[in-house]
Amino acid sequence: MKVWKYSGALALVLAVVFAVPAQAETVLRWSSQGDALTLDPHSQNEGPTVTMSLQMYEPLVGRDSSMKKQPALATSWSLTDPNTWQFKLRQGVAFHDGTPFTAADVVFSFQRAASDSSDFKPNTKGIVSVEAVDDFTVDIVLEMPNPLLPDQITNVFIMSKAWAEANNVVEPQDYKQQEETYAIRNANGTGPFKLELREPDIRTVLVRNDEWWGLSRDPHNIDRIEFRPISNKATRVAALLSGEIDFLLDPPLQDLKRIDGTSGLKTLRVNQMRTIFLGMDQGVAELRTSNVKGKNPFADLRVRRAMYQAIDIEAIREKVMRGLSIPAGFVVPPGVNGHTPARDARLPYDPAAAKALLADAGYPDGFSVRLDCPNNRYNNDERICQAVVGMFGAIGVDVDLDAIRKSLHFPKIENRETDFYLLGWGAPSTLDAQLTFLLLTHSKGEWNPTGYSNPKADALIEALPIELDLDKRNAKMAELWKIVQDDIVYLPLHHQVISWGMSDKLDIPIVPNNMPQFRWARLAS
Amino acid sequence: MSGAANDPGSAGAGAIRRLLDHDLVYSFLSSPLTVVAAVVTGVIFIATGLAPWLAPHEPFNPATLSLMDAFTVPAWMDGGTSRYILGTDDLGRDMLSTIMHGARISIIVGFSAVMLGMTLGVGLGVLSGYLGGWFEIVVMRLADIQLTIPGILVALLIDGIARGLLPREQHADLMIYVIILAIGLSDWPQFARVTRSATLVEKRLDYVAAARLTGIGPMTIMIRHILPNVMRPVLVLATVGLALAIIAEATLSFLGVGMPPTTPSLGTLIRVGGDFLYSGEWWITLFPALVLVTLVLAVNLLGDWLRDALDPKLR
């Protein structure tokens, strides 16, 4: 009798166990060396952070996988007068918490993105006001005509006003102060995926938004995205090789051959719109980390030129980047408006000349300085730094390397606390160099901790937005680059080539801004 | 050595003859494995100790490095050069020279850590064995508590605290002291326990009572009379401890919280080389790993022999 009772229970258990998984989920597991710095969509304008936001939040105007502008939360846009752009909003869209999306959310989000603690202020620059004409029409009024405005706002994400007010996150997180807010661990956008779990630096889980308006345009089949940052290179590759992950954003360059040669895996490659360079504080009276006291060696153009000519960029390309880089002469990658091939030429590598320049500048025995370097942001960033440290050592400049996580590195630059640093710069939202100038070379640029201040350059930069004729504009940019290059404000290194590693069951287009969007993905089971 | 402890001051011409006759020397020479281990240890110690003079290259002088030499294969392979016998690493540093310098740091750290742990452990052990009372209870319970936690975790904890307290900029310069402290503090309980139990035995012996009767103070008795007689098991522990400390340092460095890549130890070299395992540049990680294994094995064999020879009770 007992036996029968138990077997009945057993049958029930078996039925439950085998019945449930009939509807298999399509889970995409991916990894990269570093995590998004925050989930607050207006707090940090940094590649991996924006990439994470792009899965959950949407701008008014987006980009497709060929980087062309594409309607997102706005269905159409037009100039109603030279200073006013009018955006027609998409109707029937709801945020992940169910609140309907209206013009009030757009007005709120632009205000939020323009506030002090936002890192997207450059993207809202020149906007005088954002006005709701009716529930689904918004006017953006500008100081002066700007034909590139729709490009400029492709990274300005729209948040729910009601949600932000209810959760006390009307202001963006102040990242420099490492502020804790509700919005850095929670998200409520309109995008293709919803946040399920956020454990910073451990894992982030997103699930499909079945209510997303764009499913017919981008018919992805992903039900669930699991992201886990893995900082160790070999571990990251091992995870891909063993099938533990389906997509690896940043496979180590030395392992691409191995990934390509493994059955079931593939790599994609494209020239990235990002330039890696070194910055030197040439404005401060005395460097913080140097043995030279009372004066700043970097203030001397000859020293900056010596540092430039000490860099053997071909050796870096071959040995550090395994051929996957394009030596750069300035900080505008090809494909970005403002790139002039003629200006992309480098000063020749010449350590003897570099030594002579140093001696001429009064540093025959060199000097010492610290180089701040991220170790989980760009392709082989720490190894690039190690390589240049050796090259500077060869001309007698004793460089002490401090390679740290990007979340500690970037605040040093923003707070202007660094003498010498490595940074990468792209123009992923606007695809135009105007912001590059404004942020990196204008004396008040937010990402210009070099203290470089040239009134002539400042005036030219400020005049750029007024110039609407594209050819004239590019000529002006070339002129600007000449000034910046002659002053050797930065030591350009190379334009990155990006490569993604993935399972060959995964189909996703590679994009030159290195921001994968999983709404384009299809994963075969 | 038996009986010699009572007249520690006597040393002279007959010392060498007595040493050769000694059963320690006899047992050493009659164990070929031990002789091999001693030779290997000696070679590694000399090669690394004199690394600044013996190494074929100066791997940490950037002026002598060329990035174009990076990833050179070992000399016996196609494309290798006799200039770099064991090949070069990702920065173009000669592997052989880098390993010699790296092992030097590993050994210095290991030695210093054991010295620290030993001094602390033996001091506390003799004191608590001799004094007894609440002092003994406190010290021994502390040791018990620490022994329940794996040594490497204690070292990680101390390392982590020190990293938090020290300014970031000085990490590279101070790291070696932090690691010595971390490993030294993680292995004092072993020494304290062994010394205490030996002290408990010794203090009941007649020579201690005699010394006490002559009015010598307790400090002098502990240092001059008891300490020399408890050093045997300590010596054994210290030898095995050296191998363990070298491993502990390598573990910390392998985890990325030990020696920085600018002054690498063997563990750092293995960690850095690990990045290139999948791309086929195996020599960058394999050779430092082999040296580490060989060194630790040799020191361990010496320690085993010493234990057998000196302290049959511990067998």
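Keep in mind the model is a prediction, meaning the values are calculated, not measured. (Residues numbered from 1 in each chain as written. Chains lettered and ligands numbered in written order. Predicted model: local features only at pLDDT ≥ 70, side-chain atom pairs only at ≥ 80, totals over all residues. Heavy atoms only, no water.)

## Section: the domain arrangement of chain A
All names here are of chain A.
And then number 1: For chain A, the domain assignment lists domain 1 (27-213 + 505-523) and domain 2 (272-498).
And then number 2: The gap between the C-alpha centroids of domain 1 and domain 2 is 30 Å.
And then number 3: Taken together, the contact pairs 33 residues of domain 1 with 28 residues of domain 2.
And then number 4: When the two sides are added together, the surface that domain 1 and domain 2 hide from each other amounts to roughly 2500 Å², 58% of it contributed by carbon and sulfur.
And then number 5: Here domain 1 and domain 2 share four residue pairs in polar contact (both at pLDDT 80 or more) between them.
And then number 6: Elements represented by at least two residues in the side of domain 1 that touches domain 2 include exactly helix H2 (47-56), helix H4 (121-124) and helix H5 (149-152).
And then number 7: Considering every element that reaches the side of domain 1 that touches domain 2, the biggest residue donor is H4, with three residues. (Domains from an automatic or database assignment. Contact = heavy atoms within 4.5 Å. Buried area = accessible area lost by both parts, 1.4 Å probe. Polar contact = N/O pair within 3.5 Å; in protein donor to acceptor, adjacent residues only side chain to side chain. Helix = DSSP H or I, 4+ residues; strand = E, 2+ residues; numbered from the N terminus.)

## Quick notes on the interface of chain A and chain B
And then number 1: In this assembly, 29 residues from chain A lie in contact with 17 residues from chain B.
And then number 2: Interface of chain A and chain B: buried area, both sides summed, is about 2000 Å²; carbon and sulfur atoms make up 57% of it.
And then number 3: At the junction of chain A with chain B, the criterion picks out two salt bridges.
And then number 4: Note that Arg383(A) and Asp90(B) form a salt bridge whose closest N and O atoms lie 3.0 Å from each other.
And then number 5: Linking chain A with chain B are five residue pairs in polar contact (both at pLDDT 80 or more).
And then number 6: Going through the elements one at a time, helix H7 (233-241), helix H10 (313-320), helix H12 (381-394) and strand S15 (398-404) of chain A are the ones with two or more residues in the side of chain A that touches chain B.
And then number 7: Across the side of chain A that touches chain B, the residue classes tally to 13 nonpolar, five polar and 11 charged. (Salt bridge = Lys/Arg side-chain N within 4 Å of Asp/Glu carboxyl O. Nonpolar A, V, L, I, M, F, W, Y, C, P; charged D, E, K, R; others polar.)

## Observations concerning the state of the cysteines
All names here are of chain A.
And then number 1: Inspection of the entire model under this criterion finds one disulfide over all chains.
And then number 2: Here Cys-373 connects covalently by a disulfide to Cys-385, the sulfurs 2.1 Å from one another. Taking the sign of the torsion about the S-S bond as the criterion, the disulfide between Cys-373 and Cys-385, at about 90 degrees, is right-handed. With Cys-373 in strand S14 (residues 368-374) and Cys-385 in helix H12, the pair connects residues that are 12 residues apart, well separated along the chain. Summarising the burial analysis for this pair, Cys-373 and Cys-385 share the class buried. (Disulfide = S-S within 2.5 Å. Buried < 20%, exposed > 50% of the residue type's maximum accessible area, 1.4 Å probe, protein only.)

## Considerations on the sheet that holds strand S4 (residues 74-81) of chain A
All names here are of chain A.
And then number 1: Across the sheet, four strands lie side by side as S4-S5-S7-S6; this open sheet has antiparallel pairing. In this open sheet, the two strands that pair with only one neighbour each are S4 and strand S6 (127-134). Strand after strand, the sheet turns through a mean of 20 degrees between neighbouring axes, direction not considered.
And then number 2: Here S4 runs beside strand S5 (residues 84-89); their pairing, made up of six bridges, is antiparallel. The residue bridging Leu-79 from the neighbouring strand is Trp-85, located in S5.
And then number 3: On the sheet, helix H3 (residues 103-113) packs against S5, S6 and strand S7 (137-142) and is oriented at approximately 170 degrees with respect to S6. (Pairing = 2+ DSSP bridges. Axes fitted to C-alpha atoms, helices over the stretch in contact; angles between N-to-C directions.)

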